[in-house]
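Coordinates in review
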Amino acid sequence: MSHVWVSDCRSDSTLIIAMKSDLSERSLESSVKAGLMRLLGQTVPFDLLPQKFWEKPKYPLPRRLPNFFVGNGNWIVSRKAADIIARFDLGDGGLYPVEIFQSDRTTPVEGEFLCLNVGAQKSAFLPERSPRALKQPGLEDWTLPDAQQDDVFHVSTAANDGPDVWWDPRVR
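On a predicted model such as this, the values are computed, not experimentally measured, just so you know.

What counts as what
Residues numbered from 1 in each chain as written. Predicted model: local features only at pLDDT ≥ 70, side-chain atom pairs only at ≥ 80, totals over all residues. Heavy atoms only, no water. Helix = DSSP H or I, 4+ residues; strand = E, 2+ residues; numbered from the N terminus. Rg over C-alpha atoms; globule rule 2.2 N^0.38 Å. Buried < 20%, exposed > 50% of the residue type's maximum accessible area, 1.4 Å probe, protein only. Contact = heavy atoms within 4.5 Å. Core = buried A, V, L, I, M, F, W, Y, C linked by side-chain atoms within 4.5 Å. Salt bridge = Lys/Arg side-chain N within 4 Å of Asp/Glu carboxyl O.

We now examine the overall build of the protein chain. From N to C terminus, the protein chain includes three helices and nine strands. Element order for the protein chain, N to C, with α for helix and β for strand: β-β-α-α-β-β-β-α-β-β-β-β. Radius of gyration (C-alpha) of the protein chain: 17 Å, near the 16 Å computed for a compact globule of 172 residues. In terms of overall dimensions, the protein chain has a C-alpha envelope of 50 × 35 × 30 Å along the principal axes. When each of the 172 residues of the protein chain is scored for burial, the buried share is 40%.

The topology assignment puts asparagine 117 in strand β7 (residues 113-117). Contacts of asparagine 117, omitting those with residues within four sequence positions, involve Gln42, Thr43, Val44, Leu49, Gly93 and Gly94.

If you look at the biggest cluster of nonpolar residues, it comprises 19 residues, and the most contacted ones within it are Met19, Leu65, Phe69, Ile76, Ile100 and Phe113. Mapped by element, the contributors of at least two residues to this core are α2 (28-39), β6 (94-101) and β7. By residue number, the principal contributor to this core is β6, which donates three residues. With near-sequence residues (within four places) excluded, phenylalanine 113 lies in contact with Leu65, Pro66, Phe69, Ile76, Val77, Ser78, Tyr96, Pro97, Val98 and Ile100.

With that settled, consider the pattern of salt bridges. Throughout the structure, instances matching the rule amount to four salt bridges. Across the pair glutamate 112 and arginine 79 runs a salt bridge whose closest N-O atoms are separated by 2.9 Å. With glutamate 112 in the loop between β6 and β7 and arginine 79 in helix α3 (residues 79-85), this residue pair connects regions lying 33 residues apart in the sequence. Owing to a relative accessible area of 44%, glutamate 112 belongs among the partly exposed residues under this scheme.

The topology assignment puts serine 21 in strand β2 (residues 19-21). Distance from serine 21 to alanine 158, taken between C-alpha atoms, is 36 Å for residues 137 residues apart in sequence. The contacts of serine 21, once residues within four sequence positions are left out, are Pro50, Lys52, Phe53, Trp54 and Asn72.

Right, dumping it as structure tokens:
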């Protein structure tokens, strides 16, 4: 039996922090391309990875950033979280250091942060064994409204092959 940890953090609005990045400012087209690649579970090439983030003046950063959050569409983790994630096989993806600043773009935010570049896909989801999964009308995509509960997401043995951190292309 395989055990898989499923995260619905991309849809948790409490983990989305309004930020801008050097990539989105330099090229909105490149930022959108990188975001699409992330959604598809593709490894984002280095030239499409932001290196610096800063708060939007209208949306001040929390006093202390969480260990895991989404900033400008990117998964950002603290050093503490990165040390745990780095123990796993990240396939073609990986962790890379980024800088986070206040809105003046020069005052650093306290802490060490890294972006998680997930670069692996596996088709392991078993919808017939996941009764709470909802099929999106007209699509081959599924959502898991109860993803944080145990035994609602079932996978095939394909989950055991390759990297430990991955996307299933059929699950949103």
